[in-house]
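Overview (structure and organization)
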Amino acid sequence: MYRTLHPMLSRDIIHIRENSSGTRLMDNMRKCLPGIMPSKLQEQRALGKLVQEFVAVLLPRRTSTGWYVDPSRLLEVLMYKYPFLEEKIHIRLQGDARKIGGRHHTYIGVSLLNHECKLRGLSYQNPKEVYPISLFYESDSRDNLEENLEKQNFIEKWIAGSSPETVFYLGGDHMFIQACLDGSNVLGPLTNTGWNLYHECDKEQKKEVAQSGLRTDLNLPIDRVHPDFLFKSIPLGHVIPCILHWITRCVEKLMNLEIENMISQSNKLAQSSSHFGLEDLVRNMRANVNKRGVRHGTFRIIFEKNGHPERISLNKDHALVIISPPPSGREADYPHVLNNVVSHTKISNTLPDTVKKFLNFEGELTEFSCVAMIWESLYNLFKILQKEPTHDLIDTEKEGSLRPFDYLWGYSENQKREYKFHAERLYQLFCLRYSWTNLTPYLMKFIDYGLHFMTTLEIPLCRFSTEGGAHRNYDHNCFYYQHTTRHGGRGRYDPNFAIFSSMWKRLSFEISRGEGNASEAYLAYVERHTAAHKIQMAFRKYTVKAKLKKNGWVDHPSTDQEKNANLKSLSLLSTEMCDTTGIGDSGKLQSSELLSGKSFILTGTVPKFGAKKDDPPNCDKSY
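These numbers were taken from a predicted model, which means no experiment stands behind them.

Let us now look at the overall build of the protein chain. Along its length, the protein chain carries 21 helices and eleven strands. When the 623 residues of the protein chain are sorted by exposure, 46% land in the buried category. Approximately 31,900 Å² of the protein chain is accessible, and the part contributed by carbon and sulfur atoms is 51%.

Quick look at the structure:
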């Protein structure tokens, strides 16, 4: 007999929401809605089935400090979610590391960059459209990437074995890109030839210009060879660092340069009654920045005891707020950050006549106008790259289309000319104001390679921002803390496995609720792999158990003698297995892998956190 159904009040909902986790919330809902929601037993059976499907389809396997799934299988599943993709598939591979709770966690994921997604209103920076393929502990240093990615080499094998119609790109912040490219510590801003990822040249090359006097006419190639690149099948021209990191590091550099300039001129300013002192200049800059709401109006410029300023560190939101021009008509409310900071003293314009003509320079330059134009050009460069280019129908008589081949994609010639102008103005005025020696690798990417990517890539650069992936990694860390194994005993899953399992549950739900034939085809695909996995696991269990029994295996060892007999049985087990069994990547079964993370039962040792936990049901790490 079900209980009488009573209406729920608003305060009942608030009480349940504020005092219940997701599981307890559903339990309370069952009590309030008896007979309407599935029982707890039905829910657990459905959950177990989803986990079995996940293991059978995506084949989760261990790395040194985490887990990974088969990326080719994941791509097959994504084709059921995005059945509208035609011909070429553009895949972005990206990585991100985050420190939370005193521990680093690294995330490697994939997302789709196809034009079809744009035509259907999907966001390229939506965290839900980014799918992890590898999760492991510690930072994204070269050593850790080699430990977790290069040993199995599953990503490079996947890329190399894909069809030519699948195009791969690599994205991430500069540190992640550099760690993937460089295994010999050749790259880096402090090295003589390692500042440029794309072309091998020394630092003196930064001051070179073409015969026309323009830097942008050099057209530097992308031809550097990286012998230690982790993903050698990805062309170097498809390695695109996140432009949000470009702009953030560039704004930090510009502000630090102005602070250093204020300090270097402090003695001169103190002797002149017509100028502000150093403290006044610092106060003015701080006030201008705080008027824009940076750090909720608490931005500060901190000086050490020796008088040297601490380096300014910003996030991308603060950097964009600082460098953006004020809204029209609000100049008084949001003054330029350098207002009453940089003087209006005239400076000698030593630029060549060809450069002056290209940049339309007329009249005299002041220190303020020079710096203001540097900031303006940098902002315009970012604005062009960050904005999705318009796409126009080839057949103007059509009202619209969902096929990408009916449109003209890419940047317009006006956008390319505008980008070239601002890149050249940024370079020339920066060298005039600060000297070419202060040009950073981030600034040189804007100057030398932004226009190159606009011309050669099929995909706009705005789609390579890693904002969605970084947010996804943050969500994973939050999920990790909700499902921590700390003080939880051996019965709980590794959090990385739980994250993958959660991704599968969401994917399975979205595809099964989709429209058309894709949903039915997906269910048949999952059933086929689940049935094959069950047969494979049963055959493996029978084969292994028979061989162990032959060597004197004891099912439930209770004495030391029986435990030693089991260890001896393992050591005598032959590792020669047929490839058709699917055991191990090389067709061989190591005796230590038979324990599946349960070696402490025989040896008495406790497994390490995150590396030797109990494997989830039906998940064989040697699969």
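Further remarks concern the environment of T466. On the secondary structure map, T466 appears in the loop between α16 (441–456) and α17 (467–482). The exposure class of T466 is buried, given its relative accessible area of 6%. When the C-alpha atoms of T466 and Y124 are compared, they prove to be 9.5 Å apart, with 342 residues separating the residues in sequence.

Below, the discussion takes up the packing of aromatic side chains. Taken as a whole, this structure holds 17 aromatic pairs when the rule is applied. Plain terms: the ring middles of F229 and F231 are 6.1 Å apart, the flat faces sit at 75° to each other, and that makes the pair edge-to-face. Both residues of the pair, F229 and F231, belong to the buried class. Residues Y407 and W409 carry aromatic rings whose centres are separated by 5.9 Å and whose planes lie at 55° to one another, so their mutual orientation is tilted. On the basis of relative accessible area, W409 is assigned to the partly exposed category, the value being 23%. Through a chain of ring-to-ring contacts, the aromatic side chains of Y80, W504, Y522 and Y525 assemble into a single cluster. Above the ring of W195, the side-chain terminus of K206 is found at 5.1 Å from the ring centroid. Taking the ring centre of Y442 as reference, the NZ or CZ of K445 above it sits at 5.3 Å.

The next thing to look at is helix α15 (residues 413–434). With 22 residues, α15 ought to run about 32 Å at 1.5 Å a step, and its terminal C-alpha atoms sit 31 Å apart, in line with that. At the exit of α15 stands S435, carrying a positive phi of roughly 85°.

Right, let's get into the pattern of salt bridges. Following the criterion strictly, the structure yields 26 salt bridges and no others. Here E388 makes a salt bridge to R463, at a shortest N to O gap of 2.5 Å. Highlighted residues: E388 in the loop between α14 (367–386) and β10 (392–393) and R463 in the loop between α16 and α17, separated in sequence by 75 residues. Each member of the pair E388 and R463 is classed as buried. Of the charged contacts, one joins K416 and E413 as a salt bridge, the two residues approaching to 3.7 Å between their closest N and O atoms. Residue K416 and its partner E413 are both found in helix α15; the two are separated by three residues, about one turn of the helix.

By the criterion of burial, strand β5 (residues 131–137) is predominantly enclosed, with seven of the seven residues buried. Strand direction decides the pairing type here: strand β2 (residues 66–68) and β5, joined by three bridges, are antiparallel. For W67, the partnering residue across the bridge sits in β5 and is L135. The pairing of strand β4 (residues 103–112) with β5 spans six bridges and is classified as antiparallel. Its bridge partner being in β5, G109 is matched across the sheet by P132.

Let's shift gears to the nonpolar core. Of all hydrophobic cores here, the largest spans 137 residues; its most connected members are L170, F231, M255, M285, W375, L378 and F446. With 13 residues, the single largest contributor to this core is α14. Beyond its immediate chain neighbours, meaning those up to four positions away, F446 contacts W246, I247, C250, L378, L381, F382, L385, Y419 and A423.

Moving on: helix α12 (residues 316–323). Regarding α12, the residues found buried are H318, A319, L320, I322 and I323. Elements that come into contact with the buried residues of α12 comprise α9 (243–264), α11 (278–290) and α14. Its side-chain oxygen placed 3.2 Å from the backbone nitrogen of D317, N315 serves as the N-cap of α12.

Let us now look at the pairing of strand β6 (residues 166–172). Summarising burial for β6: seven of the seven residues are buried, a large majority. The side-chain alternation of β6 yields two buried faces, one formed by T166, F168, L170 and G172 and the other by V167, Y169 and G171. Two strands pair when backbone bridges link them, and β6 and strand β7 (residues 239–241) are joined in this way by three bridges, in the parallel orientation. Bridge pairing links L170 to V239 in β7.

Okay, the side chain of K445 next. Within the secondary structure layout, K445 lies in helix α16. Among buried Asp, Glu, Lys and Arg side chains, K445 stands out as unpaired, with D448 the closest opposite charge at 9.8 Å. In this structure, K445 is in contact with H174, L197, P241, W246 and G450, ignoring residues within four places of it in sequence.

Thresholds, definitions, all that
Residues numbered from 1 in each chain as written. Predicted model: local features only at pLDDT ≥ 70, side-chain atom pairs only at ≥ 80, totals over all residues. Heavy atoms only, no water. Helix = DSSP H or I, 4+ residues; strand = E, 2+ residues; numbered from the N terminus. Buried < 20%, exposed > 50% of the residue type's maximum accessible area, 1.4 Å probe, protein only. Areas by Shrake-Rupley, 256 points an atom, 1.4 Å probe, with all protein chains shown as cover. Phe/Tyr/Trp six-rings, centres within 6.5 Å; stacked < 30°, edge-to-face > 60°. Lys NZ or Arg CZ within 6 Å of the ring centre and 35° of its normal. Expected span 1.5 Å × (residues − 1). Salt bridge = Lys/Arg side-chain N within 4 Å of Asp/Glu carboxyl O. Pairing = 2+ DSSP bridges. Core = buried A, V, L, I, M, F, W, Y, C linked by side-chain atoms within 4.5 Å. Contact = heavy atoms within 4.5 Å. Polar contact = N/O pair within 3.5 Å; in protein donor to acceptor, adjacent residues only side chain to side chain. Lys, Arg positive; Asp, Glu negative; His and termini not counted.

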